[in-house]
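Results of the structural survey
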Amino acid sequence: MIRLIEILLLLFATTLFLGGCAAKRYSYDQQLFFEADSLFKVGNYEYAKVKFAKIRDAHAETDAARLAQFYLGYINVYYDNPFASWEAALREFKNFVTLYPRDIKTHEAQSWIRILVAMQSFEKEYQGSTYKLEQQKSRESKEKDQQQVQRKLLIESNSDQLKKCTDDRDSLSRKTKELENFILDLEKKCQAAATGGR
């Protein structure tokens, strides 16, 4: 039993010794990078940007700064980031390509640059098309309003003419009745004069 305890203690000591030797130490900039990366992975994008920028600015000559520069572009195109900015991403990726032209991530950054430039071009065309559509709708709306005004004026004019025609017809009907009554009175007078004069 004592032998078993000695073996277990020896294994425990060996594990501690070897584990201590295997532990990797990280530099301050690497620790900052891991913090920024952790913030990014949990969706805290704005704080991750601040950390990445701090790494880039304070530790410019390190691998962590290189990766931080790349991630500053990537955060701004990340699909789940509600604060993403294509302009900021384009600026950061261009900075990355300028600062690290031979880096392994340069091709990826250049791909992002091409995509972002194409998206900006598309956005400008879309805005131009949207503006043209709004102008067309505005023009059509004005034409429709003018047509409605013209239709209303035509209806009012036709209504006035119809009223005038109706009034003229009624006036003619009254005058016709008056003329008929006058003719009847004249015929009666003529008959009375013809029978009285005989």
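Within every chain, residues take consecutive numbers counted from 1 along the sequence as written. For a predicted model such as this one, the threshold for reporting local features is a pLDDT of at least 70, and the threshold for listing and counting side-chain atom pairs is 80 or more; totals across whole chains, interfaces and linings nevertheless cover every residue. Side-chain measures were taken over the full set of non-hydrogen atoms in the model, leaving aside hydrogen atoms and water.

Some details on the packing of helix α4 (residues 63-75) against helix α5 (residues 86-99)
- Where α4 contacts α5, the axes come no closer than 7 Å and their chain directions differ by 155°. Accordingly, the angle class assigned to the pair α4 and α5 is roughly antiparallel. The two elements α4 and α5 cross, and the hand of that crossing is left-handed. Contacts between α4 and α5 involve Arg66, Gln69, Phe70, Leu72, Gly73 and Tyr74 on the former and, on the latter, Ala89, Glu92, Phe93, Asn95, Phe96 and Leu99.
- Tallied by class, residues from the contact of α4 with α5 come to 7 nonpolar, 3 polar and 2 charged. Lines are fitted to the C-alpha atoms to define the axes, a helix being fitted only along its stretch in contact, and any angle between axes, read from their N-to-C directions, falls within 0 to 180 degrees. Strands here mean DSSP runs of E at least two residues long; helices mean DSSP runs of H or I at least four residues long; both are numbered from the N terminus. In this scheme, roughly parallel covers angles under 35 degrees and roughly antiparallel covers those over 145, while 65 to 115 is roughly perpendicular and the rest are oblique. Should the near helix be turned anticlockwise from the far one by less than a right angle, the crossing is termed left-handed; should it be turned clockwise, right-handed. Only heavy atoms matter for contacts: two residues are in contact if any of them lie within 4.5 Å across the pair. Amino acids are sorted into nonpolar (Ala, Val, Leu, Ile, Met, Phe, Trp, Tyr, Cys and Pro), charged (Asp, Glu, Lys and Arg) and polar (every other residue, Gly among them).

Section: the confidence of the model for the chain
- Looking at the chain as a whole, its pLDDT mean stands at 83, while 85% of the residues score no less than 70.
- For every residue, the predictor states its confidence as a pLDDT score lying anywhere from 0 to 100. At the low end of the mean pLDDT range in the chain sits helix α1 (residues 2-22), at 55; at the high end sits α5, at 94.

Topic: α4
- For a helix, the expected span equals 1.5 Å multiplied by the residue count minus one. For α4, with 13 residues, the first-to-last C-alpha span of 18 Å sits near the 18 Å given by 1.5 Å per residue.
- Working definition: with a 1.4 Å probe on protein chains only, accessible area under 20% of the residue-type maximum means buried, over 50% means exposed, and in between means partly exposed. For α4, the buried fraction is high: 10 of the 13 residues fall into the buried class.
- Within α4 the residues assigned to the buried category are Ala64, Ala65, Arg66, Ala68, Gln69, Phe70, Tyr71, Leu72, Gly73 and Ile75.

Quick look at the side chain of threonine 106
- Among the secondary structure elements, threonine 106 is positioned in helix α6 (residues 106-196).
- Given a relative accessible area of 3%, threonine 106 falls into the buried group.
- Not counting the four nearest positions on each side in its chain, threonine 106 is found in contact with Phe96, Val97, Tyr100 and Pro101.

Concerning α5
- Taking 1.5 Å of rise per residue, 14 residues should cover 20 Å, and α5 covers 20 Å from first to last C-alpha, within 8% of that figure.
- Within α5, burial applies to Ala88, Ala89, Leu90, Glu92, Phe93, Phe96 and Val97.

Here's the deal with the nonpolar core
- Working definition of a nonpolar core: buried Ala, Val, Leu, Ile, Met, Phe, Trp, Tyr and Cys residues. They are joined through side-chain atoms within 4.5 Å. Formed by 27 residues in total, the largest nonpolar core has its most connected members in Phe40, Phe52, Ile55 and Phe93.
- Where this core is concerned, the elements lending two or more residues are α2 (28-41), α3 (45-58), α4, α5 and α6.
- A per-element tally of this core places α4 first, with 7 residues.
- Beyond its immediate sequence surroundings of up to four residues, phenylalanine 52 is in contact with Phe33, Ala36, Asp37, Phe40, Ala68, Tyr71, Leu72 and Ile75.

So, the pattern of salt bridges
- For this document, the term salt bridge refers to a Lys or Arg side-chain nitrogen within 4 Å of an Asp or Glu carboxyl oxygen. For the structure shown, the criterion picks out 11 salt bridges.
- In this structure, the salt-bridge partner of glutamate 92 is arginine 91, at a minimum N-O distance of 3.9 Å.
- The buried category is assigned to glutamate 92, whose relative accessible area is 9%.
- Among the residues examined, arginine 91 registers a relative accessible area of 47% and is labelled partly exposed.
- Ionic pairing is found between aspartate 167 and lysine 163, a salt bridge with its closest N-O pair at 3.6 Å. A residue pair is termed a helical-turn pair when its members lie 3 or 4 positions apart in one helix, as aspartate 167 and lysine 163 do in helix α6 at 4 residues.
- Taking the relative accessible area as the measure of exposure, aspartate 167 reaches 39% and is therefore partly exposed.

Considering the packing of aromatic side chains
- Two aromatic rings, drawn from Phe, Tyr or Trp (for Trp, its six-membered ring), form a pair once their centres lie within 6.5 Å of each other, and the interplanar angle then sorts them: stacked below 30 degrees, edge-to-face above 60, tilted otherwise. Under the counting rule described, the total for this entry stands at 18 aromatic pairs.
- For the ring pair phenylalanine 40 and tyrosine 71, a centre distance of 6.1 Å and an interplane angle of 70° mean the geometry is edge-to-face. Within this pair, whereas phenylalanine 40 is found in helix α2, its partner tyrosine 71 is found in helix α4, the two being separated by 31 residues in sequence. With respect to burial, phenylalanine 40 and tyrosine 71 carry one shared label: buried.
- Positioned over the ring face of phenylalanine 70 is lysine 105, at 4.7 Å from the centre of the ring. Only when the NZ atom of a Lys or the CZ atom of an Arg is both within 6 Å of the ring centre and within 35 degrees of the ring normal do we say a charge sits over the ring.

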